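The lines below spell out each chain.
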Amino acid sequence: MKNSSKGLRLATEVVHAGEVRPYPHHALTLPILETATYTFENTSDLRQFMEARMWGLAEGRVEYGRYGNPTVSAVEAKLSALESGQAAVLFSSGMAAVTTALLSLLYAGDHIVITDDSYRRTRQFCLTLLKRWRIECTVVPAGDLEQLEGAIRSNTKVIVSESPTNPYLRVMDLKRLVAIAERHKVKTLIDSTFATPINQRPLEFGIDLVVDSATKYLGGHNDLLAGVVAGSESLMAMIRQNLWVLGAVCDPQTAYLIQRGLKTLSLRVAQQNESAQKVAEFLEAEPSVERVWYPGLRSHPDHVVARQQMEGYGGVVSFELDGDLEATSRFIDALQIPLIASSLGGVETLIEQPALMSYYELSSEEREEIGIKDNLVRLSIGIESTDDLIADLAQALRPS
Ligand SMILES: *Cc1c(COP(=O)(O)O)cnc(C)c1O
């Protein structure tokens, strides 16, 4: 596993990075500082702070909760270290992270390029809301870097992509993407939610901004919503200023839960990588499974790129059953361990049929057009016993 700037491995950094001790009362753990605002001793104290702030020198304190919180800041420092960034900012959700970052980079008249299997709400934001502000968006197929480069115009400001993507786990060649972006002086934003910094660190490849929905692996327990953006000091300062205006801040309770989740991130992800690989191999050998999508399999179109740029292939496995919509639902209903729910990355194994979850309102033909088949299943592996998970899948796939 990689070393951080301090020369420590990530398994150590998830536990210790960002923590500035001693904490009040010599507590071992990060205190949750629940306050909406902060006090001043007297007017002269206030004036001193305001003067320092005007010059950007007000270190160590702020005057109001939307501008900062020590619990939140400590977790941001940990996340920045894990993503190899110079700074990181937490948000109230992954979507708040994506939208605040993009709004910070774009002006009316700009153009962006986005890959087609990006998170559905990210695409919706780019294609509908940004359009209202005269920001144009070209959608290109994930995995086709020639077409992506061809879509860049003189007013293109950002390339937005994900790696691995949902639900087919397509892996973007980050080295080649950065080369293209540098040729055209365009910024790059990668949603790395499915990888986590344990498996992939886009900033190390020269990507400008990395986004994670902390709702997934970082929190890891399916009990919170949050998002994070990491990148250079200058970009993050700009994004933070816009967060103060747009307002989707992370609250200290949630930040603490993320911190608690992060302590076991490297253990959880290691287990999920290993378990997902075994499950993917098991499924690929099953006659009633038509196709398995997992970057750790040689059969995956991006296996070679994934092997070069990732340290693990993640905990999500997608597969197509030999059967129709109904047969696929019957298989899911026959499972004992996975819970039917959208989301991913937590300790519980979750399963969904995208045709009936994220894409329910579309017709079967419309779904087919965007590549969401009726027989497609997305499995987010938790931390249960791999043997139990495989035995459960086997009994549901081979009904007697
Ligand atoms: C869940 C998810 C998001 C959105 O995050 P929220 O925390 O639900 O707002 C964005 N991108 C990807 C890849 C996701 O899986």
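Colleague: What exactly am I supposed to notice about the nonpolar core here?
Modeller: If you look at soluble globular proteins, the nonpolar side chains tend to sit buried side by side. Counting residues in hydrophobic clusters, the biggest one holds 32 residues, and the most contacted among them are V75, L79, L90, L218, I258, L262 and L265. Contributions of two or more residues to this core are made by helix 1 (10-16), helix 3 (70-82), strand 1 (87-91), strand 7 (227-231), helix 10 (252-262) and helix 11 (265-284). Ranked by residue count, the leading element in this core is helix 3, at five residues. No fewer than three residues from each of domain 1 (10-33 + 69-262) and domain 2 (265-397) sit in this core.

Colleague: Is there a simple way to think about the packing of aromatic side chains in this case?
Modeller: The geometry of two aromatic rings is summed up by the distance between their centres and the angle between their planes. Per the counting criterion, the structure on display carries six aromatic pairs. Between Y67 and W244, the aromatic rings sit 5.3 Å apart at their centres with planes inclined by 65 degrees, giving edge-to-face as the arrangement. Taken together, the positions of Y67 in the loop between helix 2 (43-54) and helix 3 and W244 in helix 9 (residues 233-246) put the pair 177 residues apart, joining distant regions of the chain. Relative to F331, the ring of F319 lies with its centre 6.0 Å away and its plane at 75 degrees, an arrangement referred to as edge-to-face. Of the two residues, F319 sits in strand 9 (residues 316-321) while F331 sits in helix 13 (residues 325-334), which places them 12 residues apart along the sequence. Accessibility classification places F319 together with F331 in one group, the buried group. Aromatic ring contacts, followed pair by pair, group Y64, Y67 and W244 into a single cluster.

Colleague: I keep staring at the environment of L169 and nothing clicks. Help me out?
Modeller: Relative to the assigned elements, L169 resides in the loop between strand 4 (156-162) and helix 7 (174-184). Residues L169 and H300, spaced 131 residues apart in sequence, show a C-alpha to C-alpha distance of 8.7 Å. The residues touching L169, leaving out its near neighbours within four places in the chain, are P164, F194, W293, P295, H300, V316 and S318.

Colleague: Sorry if this is basic, but what is going on with the site of the ligand here?
Modeller: Every residue close to the ligand is listed here: S93, G94, M95, Y119, E162, D191, T193, F194, S213, T215, K216 and A226. Separating an oxygen atom of the ligand from a backbone N or O atom of G94 is a distance of 2.8 Å. Within the complex, 92% of the 380 Å² of free accessible area of the ligand lies under protein. Most atoms of the ligand, that is more than half of them, are within 2 Å of grid points of the second largest pocket.

Colleague: What should I look at first to understand the environment of L105 in this one?
Modeller: Inspection of the secondary structure puts L105 in helix 4 (residues 94-105). With a relative accessible area of 12%, L105 lands in the buried category. Spatially, the C-alpha atom of L105 lies 25 Å from that of V62, the residues being 43 residues apart in sequence. Residues within four places of L105 in sequence aside, it is in contact with D110, K157, V158, L209, L235 and M238.

Colleague: Is there a simple way to explain unusual backbone geometry in this structure?
Modeller: Trans peptide bonds make up most of the peptide bonds, and negative phi angles are found at most residues other than glycine. Residue S163 is joined to P164 through a cis peptide bond whose omega torsion reads -10 degrees. Here P164 shows up in the loop between strand 4 and helix 7. Each neighbour pair has its own omega, and for N166 with P167 the value is 0 degrees, a cis peptide bond. Here P167 shows up in the loop between strand 4 and helix 7. Positioned with a positive phi, R134 is a non-glycine residue whose angle comes to about 60 degrees. By secondary structure assignment, the location of R134 is in the loop between helix 5 (120-132) and strand 3 (136-140).

Basis of the calculations
- Residues numbered from 1 in each chain as written.
- Predicted model: local features only at pLDDT ≥ 70, side-chain atom pairs only at ≥ 80, totals over all residues.
- Heavy atoms only, no water.
- Core = buried A, V, L, I, M, F, W, Y, C linked by side-chain atoms within 4.5 Å.
- Buried < 20%, exposed > 50% of the residue type's maximum accessible area, 1.4 Å probe, protein only.
- Helix = DSSP H or I, 4+ residues; strand = E, 2+ residues; numbered from the N terminus.
- Domains from an automatic or database assignment.
- Phe/Tyr/Trp six-rings, centres within 6.5 Å; stacked < 30°, edge-to-face > 60°.
- Contact = heavy atoms within 4.5 Å.
- Near = heavy atom within 4 Å.
- Polar contact = N/O pair within 3.5 Å; in protein donor to acceptor, adjacent residues only side chain to side chain.
- Areas by Shrake-Rupley, 256 points an atom, 1.4 Å probe, with all protein chains shown as cover.
- 1 Å grid on protein atoms, 1.4 Å probe; cavity = no way out; pocket = protein on both sides within 12 Å on 5 of 7 lines; lining within 4 Å.
- Sits in = over half its atoms within 2 Å of the grid points.

Distances and angles like these do not, on their own, reveal function.
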